[in-house]
Amino acid sequence: MDRKEIFEKIRDIVVEELGVAPEKVTEDARFIEDLGADSIGVMELVMKMEEEFDMKIPDEDIEKLRTVGDVINYVLEKTKS
Amino acid sequence: MLKVDNGTNWALILGASSGFGAATAKKLAECGLNVFGVHLDRRATLPKVEALVEELKSFGVKVKYFNTNAADDKKREKVIREIKEITSREGGKIKVLMHSLAFGTLKPYLGERPEEDVTRQNLEMTVDIMGNSLVYWVRDVYRAGLFHEDARVFAMTSAGSHRVYPSYGPVSAAKAVLEAHVRQLAYELGGKGIRVNAIQAGITDTPALRKIPGHEQMLEWARKANPSGRLTTPEDIANAIALLSRPEAYWINGAVIRVDGGEDLI
């Protein structure tokens, strides 16, 4: 998966889970401050991302994933083989 | 062994994968109720949930767990639609609805720095999940015609509804709201055969308690202070709920029932 594909999958998840307009979902957008996720919203996003990208995201990593771009980098890092 | 049902009717447990919810699911399955469970688990904890579901099935009852956010309107509606389909196909009504959702913000109202203060979003989310969601579930299950003619609703509260613990403010508020909803629902639904009560558990070592900053001190205090000489366990709560789900408990309505070995007297 390349950066663009990962971005599109994350954008779809964010639009579905948080009910925000697709154009608000940019690489710089912060989940809590810009996209309006509360802590249960973050939990749901993480669940969907674990499913979509077939990975486990431990608690200690969640706090580091503040923006859409952070998640793209995380997925790229974890899936490179 | 205590009997609640003969494998026809169902329990619906919100917060069914750990702590009080999981223990009650096991006890009610043992007592002959089929189990619907709603839980929110990531991949790390899913294997434990799968093992729990298998254990429930070993009692010879039907089990269906939904991994979804019980506080989200659309997701609640979807679960209730599925429950309606399953019960219209396989029979049975909801005899027990248990609210044991533990997901909230645990921090002081005034943090060390202003940016650490509790926010509007923190308070509203916590009160919504741990308090208000009871109303929506009970209402929608009722509107869907899913309640048994002699049904019980149990909402898990704590001494925090009337006591103070560090960092527990948002959850304290949610518990006070939850108890108000229990009274109102008991008033509106008592005449329809649905009895609504709050269960006030003593301090219990559950995954939810372990998220409270300072929980070690709470556990240490309760071990010493509890008049019955130990902490409350999830099984203590499950046993009480099974008893209160028996037909003989029909006249108990709108109460906050302490199941704590006498801890709240101290």
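Look above for the structure.
Computed from a prediction, not measured in an experiment: that's the story for all the values here.

J.: Where do I start with the packing of helix H1 (residues 3-18) of chain A against helix H2 (residues 39-52) of chain A in this structure?
T.: Relative orientation and spacing of two packed helices are given, respectively, by the angle between their axes and the distance between those axes. Residues and elements named next belong to chain A. Put simply, H1 and H2 touch, their axes get as near as 10 Å, and they point 140° apart. The angle between H1 and H2 falls in the class oblique. Pair H1 / H2 crosses with right-handed handedness. Mapping the contact onto sequence places Lys9, Ile10, Ile13, Val14, Glu17 and Leu18 in H1 and Gly41, Glu44, Leu45, Lys48, Met49 and Glu52 in H2.

J.: How should I be thinking about the pattern of salt bridges in this particular structure?
T.: Side-chain pairs of opposite charge can arise where the charged atoms are in close proximity. A complete count under the given rule lists 32 salt bridges over all chains for this structure. Between B:Glu220 and B:Lys224 there is a salt bridge; the shortest N-O distance is 3.4 Å. Placement of the pair is B:Glu220 and B:Lys224 together in helix H6 (residues 215-225), with a separation of 4 residues, close to one helical turn. The partly exposed category is assigned to B:Glu220, whose relative accessible area is 44%. The exposure class assigned to B:Lys224 is exposed, which follows from its relative accessible area of 67%. Three or more residues are tied together by salt bridges with common partners; here these are A:Glu17, A:Glu44, A:Lys48 and B:Lys75.

J.: What's the story with the interface of chain A and chain B in this structure? I'm lost.
T.: Interface extent is often summarised as the accessible area lost during association of the parts. Taken together, the contact between chain A and chain B spans 20 residues of the former and 12 residues of the latter. Between chain A and chain B, roughly 1400 Å² of surface is buried when both sides are summed, and carbon and sulfur atoms account for 55% of that area. Together, A:Ile40, A:Met43 and A:Met47 form the three largest contributors to the area buried by chain A at its contact with chain B, with a combined 38%. One salt bridge in this structure joins A:Glu17 and B:Lys75, with 2.7 Å as the shortest N-O distance. Counting across the interface, chain A meets chain B through 7 residue pairs in polar contact (both at pLDDT 80 or more).

J.: When you look at the sheet that holds strand E5 (residues 147-158) of chain B in this model, what are you seeing that I'm missing?
T.: Hydrogen bonding along the main chain pairs the strands of a sheet, whether they run parallel or antiparallel. Residue and element names in this part refer to chain B. In spatial order, the strands read E3-E2-E1-E4-E5-E6-E7; together these 7 strands make up an open sheet with parallel pairing. Every other strand in the sheet has two partners, leaving strand E3 (63-67) and strand E7 (256-259) as the edge strands with one partner each. Across the sheet, the axes of successive neighbouring strands diverge by a mean angle of 20°, strand direction being ignored. Two strands pair when backbone bridges link them, and strand E1 (residues 10-14) and strand E4 (residues 94-99) are joined in this way by 5 bridges, in the parallel orientation. By the bridge assignment for E4, Ile13 is matched with Met98.

J.: Is there a simple way to think about empty space enclosed by the protein in this case?
T.: Residues and elements named next belong to chain B. As enumerated under the stated definition, the model contains 1 cavity of 30 Å³ or more in all. A volume near 30 Å³ is recorded for the largest cavity. Lining the largest cavity are Arg152, Phe154, Arg195, Asn197, Leu244, Ala249 and Ile252. Counting residues per element, the ones that place at least two in the lining of the largest cavity are E5 and strand E6 (194-201). A class-by-class count of the residues in the lining of the largest cavity yields 4 nonpolar, 1 polar and 2 charged.

J.: Any chance you could explain a nonpolar patch on the surface here in plain terms?
T.: A cluster of nonpolar side chains, contributed by B:Tyr109, B:Leu110 and B:Leu123, occupies part of the molecular surface with about 310 Å² of accessible area. Its location among the elements puts B:Tyr109 in the loop between E4 and helix H4 (120-143).

J.: How do you make sense of the packing of helix H1 (residues 19-30) of chain B against helix H2 (residues 46-57) of chain B when you look at a structure like this?
T.: Residue and element names in this part refer to chain B. Two elements in contact, H1 and H2, have axes separated by 9 Å at closest approach and are oriented at 20°. Judged by the angle between their axes, H1 and H2 are roughly parallel. The handedness of the crossing between H1 and H2 comes out as right-handed. Residues Ala22, Ala25, Lys26 and Ala29 of H1 lie in contact with H2, whose contacting residues are Leu52, Glu55 and Leu56. Residue composition of the contact of H1 with H2, grouped by class: 5 nonpolar, no polar and 2 charged.

J.: Can you walk me through the nonpolar core in this structure?
T.: Buried together is how nonpolar side chains tend to be arranged in soluble globular proteins. Residues and elements named next belong to chain B. The biggest cluster of nonpolar side chains holds 53 residues, and the ones touching the most others in it are Leu12, Ile94, Leu97, Trp137, Val141 and Phe147. A total of 8 residues in this core trace back to one element, the largest contributor, which is H4. Look past the residues within four positions of Trp137 in its chain and what remains in contact with it is Leu12, Leu14, Val38, Ala70, Arg76, Val79, Ile80 and Leu97. Core analysis: the second largest hydrophobic core is formed by 33 residues, Ile13, Phe20, Leu28 and Ala201 among them.

J.: Looking at this structure, I do not really get the side chain of B:Thr157. What am I missing?
T.: All names here are of chain B. Within the element layout of this structure, Thr157 appears in strand E5. The class for Thr157 is buried, based on a relative accessible area of 3%. Only 2.6 Å separates the side chain of Thr157 from the side chain of Glu179, close enough to count as a polar contact.

J.: Honestly, the pairing of E1(B) in this entry has me stumped. Any pointers?
T.: Looking down a regular strand, the side chains alternate between one sheet face and the other. Residues and elements named next belong to chain B. Judged by how many residues are buried, E1 sits mostly within the fold: 5 of 5 residues are covered. Because side chains alternate across E1, one face comprises the buried residues Trp10, Leu12 and Leu14, and the other comprises Ala11 and Ile13, equally buried. Sheet analysis places E1 next to strand E2 (residues 34-39), joined by 5 bridges and oriented parallel. When the sheet's bridge partners are listed, Ile13 is paired in E2 with Gly37. Handedness of the crossover is the feature at issue here: the chain leaves E1, passes through H1, returns alongside E2, and the resulting connection is right-handed.

What counts as what
- Residues numbered from 1 in each chain as written.
- Chains lettered and ligands numbered in written order.
- Predicted model: local features only at pLDDT ≥ 70, side-chain atom pairs only at ≥ 80, totals over all residues.
- Heavy atoms only, no water.
- Axes fitted to C-alpha atoms, helices over the stretch in contact; angles between N-to-C directions.
- Helix = DSSP H or I, 4+ residues; strand = E, 2+ residues; numbered from the N terminus.
- Parallel < 35°, antiparallel > 145°, perpendicular 65-115°, else oblique.
- Left-handed = near helix turned anticlockwise from the far one by under 90°.
- Contact = heavy atoms within 4.5 Å.
- Salt bridge = Lys/Arg side-chain N within 4 Å of Asp/Glu carboxyl O.
- Buried < 20%, exposed > 50% of the residue type's maximum accessible area, 1.4 Å probe, protein only.
- Buried area = accessible area lost by both parts, 1.4 Å probe.
- Polar contact = N/O pair within 3.5 Å; in protein donor to acceptor, adjacent residues only side chain to side chain.
- Pairing = 2+ DSSP bridges.
- 1 Å grid on protein atoms, 1.4 Å probe; cavity = no way out; pocket = protein on both sides within 12 Å on 5 of 7 lines; lining within 4 Å.
- Points joined across faces, edges and corners; volume = space filled by probe spheres on them.
- Nonpolar A, V, L, I, M, F, W, Y, C, P; charged D, E, K, R; others polar.
- Patch = residues over 30% accessible without salt bridge, like charges linked within 9 Å, V, L, I, M, F, W, Y side chains within 5 Å.
- Areas by Shrake-Rupley, 256 points an atom, 1.4 Å probe, with all protein chains shown as cover.
- Core = buried A, V, L, I, M, F, W, Y, C linked by side-chain atoms within 4.5 Å.
- Right-handed = clockwise from strand over helix to strand, strands pointing away.

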